[in-house]
Amino acid sequence: MKGVFITFEGIEGAGKSTQAKKLYNYLIEKGKNVILTREPGGTKTGEKIREILLSPTDEFFPPIAEVFLYEADRSFHVHNKIVPHLKRGYTVICDRFTDSTLAYQGYARGLDLELIRGLNETATEGLKPDITFLIDVPVEEGLRRIKEKRGFDRIENEDLEFHIRLRNGFLKIAEEEKDRIVVIDGMRDVDSIFSEIISVLRERFSF
Ligand code: T5A
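Quick caveat, the model's predicted, so the values are computed rather than measured. (Residues numbered from 1 in each chain as written. Predicted model: local features only at pLDDT ≥ 70, side-chain atom pairs only at ≥ 80, totals over all residues. Heavy atoms only, no water.)

1. Section: the overall build of the chain
Logical step 1: Assigned secondary structure in the chain consists of eight helices and five strands.
Logical step 2: Taken from N to C terminus, the helices and strands of the chain fall in the order β-α-β-α-α-β-α-α-β-α-α-β-α.
Logical step 3: For the chain, the C-alpha radius of gyration of 16 Å lies close to 17 Å, the compact-globule estimate for 207 residues.
Logical step 4: Projected onto its principal axes, the C-alpha positions of the chain cover 45 × 35 × 30 Å.
Logical step 5: Burial analysis of the chain (207 residues in total) assigns 50% to the buried set.
Logical step 6: Partitioning the contacts of the chain with sequence separation of at least 6, the portion at a separation of at least 24 is 78%.
Logical step 7: Of the accessible surface of the chain, which amounts to about 10200 Å², a share of 51% is contributed by carbon and sulfur atoms. (Helix = DSSP H or I, 4+ residues; strand = E, 2+ residues; numbered from the N terminus. Rg over C-alpha atoms; globule rule 2.2 N^0.38 Å. Buried < 20%, exposed > 50% of the residue type's maximum accessible area, 1.4 Å probe, protein only. Contact = heavy atoms within 4.5 Å. Areas by Shrake-Rupley, 256 points an atom, 1.4 Å probe, with all protein chains shown as cover.)

Right, dumping it as structure tokens:
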């Protein structure tokens with residue numbers, strides 16, 4: 001595929017969306033063909049699935065149903081948006097992708113990691129990001145930022161232990177895929193973090 005596929009990952013409030021948006025604006029200013037998208041969401045159907053996933057409900061939400069919905073969203077996204085743009089040479093910036101399912105539904109919720117790896121592979125038909133930035137912050141800091149910004153959704157309402165397993169899960173995934181995943185210290189100011197991201201991208205791709 002001709003374009004570069006960049007994903008941002010991290011716990012709640014790590015600052016992914018801030019950095020993804022900054023990168024998008026930077027590349028637009030440079031005259032590049034680029035799109036910014038997200039999971040869940042990113043397509044018309046995906047936005048409907050997002051609504052189901054993040055809205056509070058008084059029904060029990062089976063963890064496996066959660067996985068199927070994230071993977072269904074991903075399948076729509078990969079087929080209708082990500083792959084067509086990569087084929088046309090666009091840089092695709094995506095706020096969350098397969099690592100989130102492994103970290104949230106696998107490491108944090110406790111579903112079988114191999115099952116999730118298999119479903120990720122099926123939903124993406126093997127598509128992998130060229131590079132992933134894992135923005136890492138302590139759980140307390142991430143939750144503090146989210147609370148300040150907008151209050152909690154269904155998943156953010158999980159207990160502290162869930163969020164600790166989540167952060168450790170992301171760090172484990174990064175450890176296992178060192179070539180693809182770059183861990184970024186998210187405790188610095190927005191511009192310092194962005195400078196590091198740009199210098200990594202310059203080093204690896206011709207940005
Ligand atoms: N999910 C998703 C799964 O469970 N499985 C999956 O497979 C997938 C794909 C998505 C939810 O779905 C879950 C994960 C999520 O719970 P979402 O609304 O998209 O929900 O939530 P997030 O992706 O977590 O996005 P957030 O907006 O909640 O967090 P971000 O993107 O990490 O943080 P951001 O950039 O919006 O910043 C948060 C606040 O901090 C400030 C910002 O100004 C903002 O107010 N901030 C900083 N403050 C100080 N220093 C910095 N360096 C800062 N950077 C940002």
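The discussion continues.
2. Focus: the packing of aromatic side chains
Logical step 1: Enumeration over the complete set of coordinates arrives at six aromatic pairs.
Logical step 2: Between Tyr26 and Phe194 the ring centres are 5.7 Å apart and the planes differ by 75 degrees, which places this aromatic pair in the edge-to-face class. Here Tyr26 is found in helix H1 (residues 16-29), whereas its partner Phe194 is found in helix H8 (residues 190-204), with 168 residues between them in sequence. Accessibility assignment for this pair places Tyr26 and Phe194 in one class, buried.
Logical step 3: Positioned above the aromatic ring of Phe97 is the side chain of Arg74, whose terminal nitrogen or guanidinium carbon lies 5.5 Å from the ring centre. (Phe/Tyr/Trp six-rings, centres within 6.5 Å; stacked < 30°, edge-to-face > 60°. Lys NZ or Arg CZ within 6 Å of the ring centre and 35° of its normal.)

3. A closer look at the packing of helix H4 (residues 98-108) against helix H7 (residues 160-176)
Logical step 1: With their axes 8 Å apart at the nearest point, H4 and H7 run at an angle of 130 degrees to one another. Our classification of the angle between H4 and H7 gives oblique. The handedness of the crossing between H4 and H7 is right-handed. When H4 is examined against H7, the residues Asp99, Ser100, Leu102, Ala103, Tyr104, Tyr107 and Ala108 are found in contact with a partner set consisting of Phe162, Arg165, Leu166, Gly169, Phe170, Lys172, Ile173 and Glu176.
Logical step 2: Each residue belonging to the contact of H4 with H7 can be placed in one class, and the counts come to nine nonpolar, two polar and four charged. (Axes fitted to C-alpha atoms, helices over the stretch in contact; angles between N-to-C directions. Parallel < 35°, antiparallel > 145°, perpendicular 65-115°, else oblique. Left-handed = near helix turned anticlockwise from the far one by under 90°. Nonpolar A, V, L, I, M, F, W, Y, C, P; charged D, E, K, R; others polar.)

4. As for the sheet that holds strand S5 (residues 181-185)
In any sheet, the strands associate via hydrogen bonds between backbone groups, in a parallel or an antiparallel arrangement.
Logical step 1: Read from one edge of the open sheet, five strands run S2-S3-S1-S4-S5, paired in parallel fashion. What marks the edges here is a single partner per strand, and that holds for strand S2 (34-38) and S5. Between one strand axis and the next, the sheet turns by 20 degrees as a mean value, whatever way the strands run.
Logical step 2: The pairing of S2 with strand S3 (residues 91-95) spans five bridges and is parallel. Of the residues in S3, the one forming a bridge with Val34 is Thr91. (Pairing = 2+ DSSP bridges.)

5. A look at the site of the ligand
Logical step 1: Taken together, the neighbourhood of the ligand is formed by 29 residues, with Ser17, Thr18, Thr101, Lys149 and Arg150 sitting nearest.
Logical step 2: Gly13 is positioned with one of its backbone polar atoms (N or O) 3.3 Å from an oxygen atom of the ligand.
Logical step 3: Between the ligand and Ser17, the relevant distance is 2.4 Å, taken from an oxygen atom to a side-chain nitrogen or oxygen of the residue.
Logical step 4: Burial of the ligand by the protein amounts to 85% of the accessible area it has alone, namely 1000 Å².
Logical step 5: Elements supplying a minimum of two residues to the shell around the ligand: H1, helix H2 (44-54), helix H3 (63-87), H4, helix H6 (139-149) and H8.
Logical step 6: At four residues, H4 tops the list of elements feeding residues into the shell around the ligand.
Logical step 7: Looking at side-chain class alone, the shell around the ligand contains 10 nonpolar, eight polar and 11 charged residues. (Near = heavy atom within 4 Å. Polar contact = N/O pair within 3.5 Å; in protein donor to acceptor, adjacent residues only side chain to side chain.)

6. Let's talk about the packing of H2 against H3
Logical step 1: Between H2 and H3, the shortest axis-to-axis distance is 9 Å and the interhelical angle comes to 160 degrees. Here H2 lies roughly antiparallel to H3, going by the angle between them. Note on packing geometry: the crossing formed by H2 with H3 is left-handed. Of the residues in H3, those in contact with Thr45, Gly46, Ile49, Ile52, Leu53 and Leu54 of H2 are Glu66, Leu69, Tyr70, Ala72, Asp73 and Phe76.
Logical step 2: Looking at side-chain class alone, the contact of H2 with H3 contains eight nonpolar, two polar and two charged residues.

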